[in-house]
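Chain residues, written in single-letter form:
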Amino acid sequence: MTPLSLFELNNLVRSVLEQTLDDDYWVEAEIAEARLAQNGHFYLEFVQKDAEGRNVFARARAVMWARTYNLLSPLFERATGERLRAGIKVRVQVSVEFHELYGYTLNISDIDPSYTMGDLLRRRREILAQLEADGIRDDNRSLTLPALLRHIAVVSSAGAAGYGDFCDQLRRNDYGLAFRVQLFPAVMQGQNVEESVLAALAAIADEADRWDCVVIIRGGGATTDLADFDSYALAAAVAQMPLPVIVGIGHERDETVLDFVAHTRVKTPTAAAAFLIDHGAAQLARLDDLHDRITQHARLRVQNAKSRIDTLALRLATMPRHRLLDEHHRMALLNTRFTQSARFRVQNARIYLQHISPRLAQAATQYIQHAQLQVDALAARLAALDPVLQLRRGYSLTFAPDGSLLRSIAELRHGDRITTRLSDGTLTSLVTDNSP
Amino acid sequence: MTYESAMTRLEALAREMEAGDVPIDRLAAKLKEAQQMLAFCKAKLTRADEEVQKLLEENES
């Protein structure tokens, strides 16, 4: 058999491939390398690794011509939040081409973003499951956000618009809130994300007592490369940070595994700043509320005390007057009662008198008549007792020397001079004998 | 004193006031304490504290 030239052999391979293969195939592979050439064509290297992801056991070059790339890559990025770059898995429609000079190449004509999305999702789920199994998934989320968020450690790239927006927003807050921000610079895009962010987090954790929280924000408005953050090491570091971590690296539709482990997730750097400002404003509102509660109740307390004093004063002032009035009233009442009763009694007496006077007159007359009779009887009896009459009947009265009426001989002694009264006069005798 | 401890004290003061437990004699003292805590917390949140810090640093240097 005549040896073939290399070109002839390659040409044979080419014609066999062209004859035996279909026009195109859907193939799933991982991008190992990706490079946009100056001419606008996009060159890739596809690989397939074993289950452990270590050993490559299939490899192929691929190309996306500039026209296709310009059409597909924006669609892909919008759908997945990912750039076509090394490390992600894709499902692409390719035609197999063999060129005598350039060899075997896959010419990409279409791409299915849903496969990549699914793959990213699966990776994220695996990381989260691992964090769960390690028991650290909710560590950061269960930290209590300090009431005072003032010293902010920021992980971001220095020159990025996002970091500038974040700082501007904090500075221009309407509440006069003060923030002290320090940047811990890190690469936020590309292969070095993991290593770089890990280093920044470690530096912050070393001086954790200086900071109130950590904010991880991405550079600019690009919505790509999120998968760089879907790393177990990063997620574990965030979960185990001793400070609450606020992440603002996602965008409207997509998210990273960090969104699930960080204390607080927001969409953008400005949203992260707004979160901090809202927190501070809430604290100010809480202080105002406390101020109101305390002063209002103090005022109320003083008011109550004052009104009690006023009431007491009023009672004290009005009490004597009341009492006086009462006394007045009582006196008046008593007076009325008194005069009334006096009048009543006088009237009663008068009636009684009117009633009694005829009887009294009658009784008096009777009494006088009766007395007259008594007097007459007594006069008669008295007349009978008159000593003059007795004397006229022959009785006499003898008086002792001292003038007393003699009733017994024992009162006399021999030689006493006695006087005897008879009806017509007196005689004097000398006692010579006295015998019973 | 930390912001948190000042806040805790303020909450306690507010509760005390609301319960009406504070004797009139102590009212002024409690109010003064509350005002101090409020001022402290506000300064921590706002730039007032930063200005104080700056003054202190200037004095030191």
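Report follows, based on the coordinates. (Residues numbered from 1 in each chain as written. Chains lettered and ligands numbered in written order. Predicted model: local features only at pLDDT ≥ 70, side-chain atom pairs only at ≥ 80, totals over all residues.)

Looking now at the overall build of chain B. A tally of helices and strands in chain B yields 3 helices and 0 strands. Order of helices (α) and strands (β) in chain B, N terminus to C terminus: α-α-α. (Helix = DSSP H or I, 4+ residues; strand = E, 2+ residues; numbered from the N terminus.)

This part takes up the environment of A:Ala62. Residues and elements named next belong to chain A. Position of Ala-62 relative to the elements: it lies in strand E3 (residues 56-64). By C-beta crowding, Ala-62 is classed as buried, having 23 other C-beta atoms within 10 Å. Counting along the chain gives 28 residues from Ala-62 to Ala-34, while the straight-line C-alpha distance between them is 9.3 Å. Contact partners of Ala-62, with chain neighbours within four places excluded, come to Leu-44, Phe-46, Val-94, Thr-105, Leu-106 and Ile-108. (Buried ≥ 20, exposed ≤ 12 C-beta atoms within 10 Å, placed from the backbone. Contact = placed C-beta atoms within 7 Å.)

This brings us to the sheet that holds strand E13 (residues 426-430) of chain A. Residues and elements named next belong to chain A. Spatially, E11-E12-E13 is the arrangement adopted by the 3 strands of the open sheet, whose pairing is antiparallel. Single-partner strands in this sheet number two, and they are strand E11 (397-399) and E13. Going across the sheet, the axis of each strand differs from the next one's by a mean of 25°, ignoring polarity. Inspection of the sheet shows strand E12 (residues 417-421) paired to E13 by 5 bridges, in the antiparallel sense. Following the sheet pairing, Ile-418 is matched in E13 by Ser-429. (Pairing = 2+ DSSP bridges. Axes fitted to C-alpha atoms, helices over the stretch in contact; angles between N-to-C directions.)

How big an interface is tends to be stated in terms of accessible area lost as the parts join. The partner chain A presents 19 residues to the 24 residues of chain B that form the contact. When residues of the side of chain B that touches chain A are traced back to their parent elements, those giving at least two are helix H1 (3-19), helix H2 (24-45) and helix H3 (47-60) of chain B. Classifying every residue of the side of chain B that touches chain A gives 14 nonpolar, 2 polar and 8 charged. (Nonpolar A, V, L, I, M, F, W, Y, C, P; charged D, E, K, R; others polar.)

All names here are of chain A. Around the barrel, 5 strands lie side by side as E1-E2-E3-E5-E4; this closed barrel has mixed pairing. Taking the axes of each pair of neighbouring strands and ignoring which way they run, one obtains an average angle of 55° across the sheet. Note: strand E2 (residues 42-49) against E3, 8 bridges, orientation antiparallel. Each residue of the ladder has a partner; that of Glu-45, found in E3, is Arg-61. The sheet strands contacting helix H2 (residues 66-80) are E2, E3 and strand E5 (103-111), and the helix crosses E5 at an angle near 55°.

Residues and elements named next belong to chain A. It is the contact of helix H3 (residues 113-134) with helix H6 (residues 232-239), at a shortest axis distance of 10 Å, that shows an interaxial angle of 45°. Considering their axes alone, H3 and H6 lie oblique with respect to each other. For the element pair H3 and H6, the recorded crossing hand is right-handed. Residue-level contacts link Ile-127, Gln-130 and Leu-131 of H3 to Tyr-232, Ala-235, Ala-236 and Ala-239 of H6. Here the residues of the contact of H3 with H6 are counted per class, giving 6 nonpolar, 1 polar and no charged. (Parallel < 35°, antiparallel > 145°, perpendicular 65-115°, else oblique. Left-handed = near helix turned anticlockwise from the far one by under 90°.)

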